[in-house]
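Observations on the three-dimensional arrangement
The chain contents come next:
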Amino acid sequence: MPTPRQYRFLRTQLYATLLCVAGLASLGALTLERAFLVGFLALVTVATLTAPVHVTPPWRRRLRWPLLLGSVVFLALVVVRTAEKLLAAL
């Protein structure tokens, strides 16, 4: 059964992502890639800012998998964008 801290974490993550996506949409800059990036950065930020100091509950240990997967996708996006820029410069 989810704890109040888990609900608070999920709400904060959801609100941060929705706020960033709404900001991108209002600027006319919303793409799938940017939506992923702001969602991932919101997850990293919320996970970092809400991390306990002394004891890590089991549900927080499971956050490493979405963070690891998001990091891999983020790095893949960076590599693809860098390759596009380098090939365009040739």
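Description of the structure in this document. Everything numeric in this text was worked out from a predicted model, so none of it was measured.

1. Description of helix α2 (residues 32-49)
With 18 residues, α2 extends 26 Å between its outermost C-alpha atoms, agreeing within 8% with the 26 Å of an ideal straight helix rising 1.5 Å per residue. Turning to α2, its buried residues are Val 38, Gly 39, Phe 40, Ala 42, Leu 43, Val 46 and Ala 47. The elements touched by buried residues of α2 are α1 (4-27), α3 (58-61) and α4 (64-89).

2. Remarks on the environment of Phe 36
With respect to the helices and strands, the residue Phe 36 is situated in helix α2. Separated by 23 residues in the primary sequence, Phe 36 and Gln 13 place their C-alpha atoms 13 Å from one another.

3. Some words on the packing of aromatic side chains
One pass over the structure, following the stated rule, counts three aromatic pairs. Aromatic side chains Phe 9 and Trp 59 sit 5.6 Å apart centroid to centroid with 65° between the ring planes, which places their arrangement in the edge-to-face category. Here Phe 9, found in helix α1, pairs with Trp 59, found in helix α3; they are 50 residues apart in sequence, far enough to count as distant. Classification of Phe 9 by relative accessible area gives buried; the value is 5%. In this structure an aromatic cluster arises from ring pairing among Phe 36, Phe 40 and Phe 74.

4. As for the packing of α1 against α2
Following both chains from N to C, one finds α1 and α2 inclined at 145°, their axes separated by 9 Å at the closest point. Considering only the axes of α1 and α2, their crossing is right-handed. Every residue of α2 that contacts α1 at Phe 9, Thr 12, Gln 13, Ala 16, Thr 17, Cys 20, Val 21 and Leu 24 is listed here: Arg 34, Ala 35, Val 38, Gly 39, Ala 42, Leu 43, Val 46 and Ala 47. Split into classes, the residues belonging to the contact of α1 with α2 amount to 11 nonpolar, four polar and one charged.

Thresholds, definitions, all that
Residues numbered from 1 in each chain as written. Predicted model: local features only at pLDDT ≥ 70, side-chain atom pairs only at ≥ 80, totals over all residues. Heavy atoms only, no water. Helix = DSSP H or I, 4+ residues; strand = E, 2+ residues; numbered from the N terminus. Expected span 1.5 Å × (residues − 1). Buried < 20%, exposed > 50% of the residue type's maximum accessible area, 1.4 Å probe, protein only. Contact = heavy atoms within 4.5 Å. Phe/Tyr/Trp six-rings, centres within 6.5 Å; stacked < 30°, edge-to-face > 60°. Axes fitted to C-alpha atoms, helices over the stretch in contact; angles between N-to-C directions. Left-handed = near helix turned anticlockwise from the far one by under 90°. Nonpolar A, V, L, I, M, F, W, Y, C, P; charged D, E, K, R; others polar.

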